[in-house]
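# Structural features, examined
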Amino acid sequence: MSLAHATVLLWAWGSLQAFEIVEKENIFWKTPCPAFLMFDNAAYLADMTFELPCHCKPEEVSAVVWYYQKHLGSGHTKVLTDFDGRVLTEASHVRTGSDMLVRFSIRMFSLLVFRAQPEDSGLYFCGTRKGDYFYAYDVDIQSNEGMVATFKDEGQQPFEDEYHGDLHVFTTFWEWTPCDRCGVRGEQWRIGLCYLQSPGLSPRYRKTMPNVVSCGSQAVPRKLRTLASGHTPELLVRSCLVSCKRQKTIRDSMLAIFNYVSKLGSRPWVPQVPIQFHEQRLGHGLIISCPGARPEHAVAWDKDHQHLYRTQYLVGVNRSMRVFIDHGHHLHIRFTQLSDRAIYYCWRQGVKIAGFRLAVKSRGHYQVSFSDPETRSALQLTLIGYLLITAVFTTVHLCRCCCYLFRFCPNFSP
């Protein structure tokens, strides 16, 4: 190797090292923390997973600790850390109704809360083990129980804005999701959360617009929050049609091989997507989830070749619905019938990703479990009936005792 070549290589190596040093300095450069602690307002829908980044921290702090308070200045504070800056919580391990202490994770100084619930609303602080705070959030988790669906294809319109003196209550919509199907008519939707505008908000909370925060924010006085409580989140749905993108996959290659080596009329059936088999007892309920889907994703369901559109199958459209899709994109089948036997396909972000072959059996041994919602419902109804009978029995005997004591008890004997 000549001297010129060696000089060029050394110069290139030095340039790469300098570039790497600059990149590392940019990664670890931090935004100066504010002198006075403020709260960033953020609103989400129930069952969503959200992330709170810690935008600033002192350079000497190597691991952050997250704190949670229901109300500012409350005596009870939750510490959301294992004091190593991380936990092992994953989204697939989280169940609905779990406590927040098992539904969070800390990654790269950011706090992730899985399947957030309205009870998780409050103040989140990024700080140190000593309790020094340097960044904070005001999080509002709005319930999806009273959510109202609006279908644009049917000419329906969203809620009108509400005015109560200086208080202005309105809905702020997110961006439209991608079309939930391709090649056929699909649907797309957007979530609308409750926001309000008022001059009487606390100045300690950061706002994206002047005097505008979410309806459940800590910056809203209790009186104004009560006035805005009737404005529920909204779901706006409309039709869409997009073409499918052709992607060369291993499955296509396998199909070509099968078509080549098979005789006409004896080609093996190869499913388009992975198929999972499930057997359900007749008359019992079933809930099917789309793999990897989150509430903010565009999810659709098909029963064999029948498309289950939200205009007909969204929960709340009909009170007597036996098969419906909830706001978390789960497919519910109540009181399973023999006609429910089919393959249910799941679309996620416009791509068909999985199928569930459902078989319904009419007889056989069924193991009772307290985790079964139908078992719990039966026990609750039995307990309520027993309590009502006990209450009636006790009331009748108390009345007879009172009548006997005051000597005007009527004679019930024939």
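This text goes with the structure placed above it.
Computed from a predicted structure; not experimentally measured.

### Examining the state of the cysteines
- In total, this model carries five disulfides according to the counting rule given.
- Here Cys-182 engages in a disulfide with Cys-244; their sulfurs sit 2.1 Å apart. Given an S-S torsion of about 95°, the disulfide between Cys-182 and Cys-244 has right-handed geometry. Of this pair, Cys-182 sits in the loop between β11 (167-173) and β12 (185-197) while Cys-244 sits in the loop between β15 (234-241) and α3 (250-261), and the two are 62 residues apart along the sequence.
- By relative accessible area, which is 16% here, Cys-182 ends up buried.
- Cys-244 sits in the partly exposed class, given a relative accessible area of 43%.
- Bridging Cys-194 to Cys-215, the disulfide has an S-S length of 1.9 Å.

### Looking at the nonpolar core
- Within the largest apolar cluster, 24 residues are counted, with the highest numbers of intra-cluster contacts made by Phe-50, Leu-52, Trp-66, Leu-111, Tyr-124 and Val-139.
- Looking at this core, the elements that each hand over two or more residues are β1 (39-45), β2 (50-52), β3 (65-69), β5 (104-107), β6 (110-113), β7 (122-127) and β8 (133-142).
- In terms of residue count, β8 provides more of this core than any other element does, five residues in total.
- With 21 residues, the next largest nonpolar core counts Val-299, Tyr-313, Ile-333 and Tyr-344 among its residues.

### Regarding the packing of aromatic side chains
- Inspection of the entire model under this criterion finds 10 aromatic pairs.
- In this arrangement the basic side chain of Lys-352 is found over the ring face of Tyr-345, its NZ or CZ atom lying 4.6 Å from the centre.

### A closer look at the pattern of salt bridges
- For the structure on display, the rule yields six salt bridges.
- For the salt bridge of Asp-40 with Arg-206, the shortest nitrogen-to-oxygen distance reads 2.8 Å. Of the two residues, Asp-40 sits in strand β1 while Arg-206 sits in strand β13 (residues 205-206), which places them 166 residues apart along the sequence.
- For Asp-40, a relative accessible area of 15% puts it in the buried group.
- Where Asp-340 meets Arg-322, a salt bridge forms, and the shortest distance between an N and an O atom there is 2.8 Å.

Criteria and thresholds
- Along each chain, residues carry numbers from 1 onward, in the same order as the chain's sequence is written.
- For a predicted model such as this one, the threshold for reporting local features is a pLDDT of at least 70, and the threshold for listing and counting side-chain atom pairs is 80 or more; totals across whole chains, interfaces and linings nevertheless cover every residue.
- The basis for every side-chain value is the complete set of non-hydrogen atoms in the structure, without hydrogens or water.
- A pair of sulfur atoms, both from cysteines and within 2.5 Å, is called a disulfide here.
- Numbered from the N terminus, helices here are DSSP runs of H or I no shorter than four residues, and strands are runs of E no shorter than two.
- The classification of residues rests on relative accessible area computed with a 1.4 Å probe and restricted to protein chains. Under 20% of the type maximum is buried, over 50% is exposed, and intermediate values are partly exposed.
- To form a nonpolar core, buried Ala, Val, Leu, Ile, Met, Phe, Trp, Tyr and Cys residues must be joined to one another through side-chain atoms within 4.5 Å.
- Only Phe, Tyr and Trp rings take part, Trp by its six-membered ring, and two of them pair if their centres are within 6.5 Å. Stacked means planes under 30 degrees apart, edge-to-face means over 60, and tilted covers everything else.
- Remark: a charge is flagged as sitting over a ring if the NZ atom of Lys or the CZ atom of Arg is within 6 Å of the ring centre and within 35 degrees of the ring normal.
- Put simply, a salt bridge is a Lys or Arg side-chain nitrogen that is within 4 Å of an Asp or Glu carboxyl oxygen.

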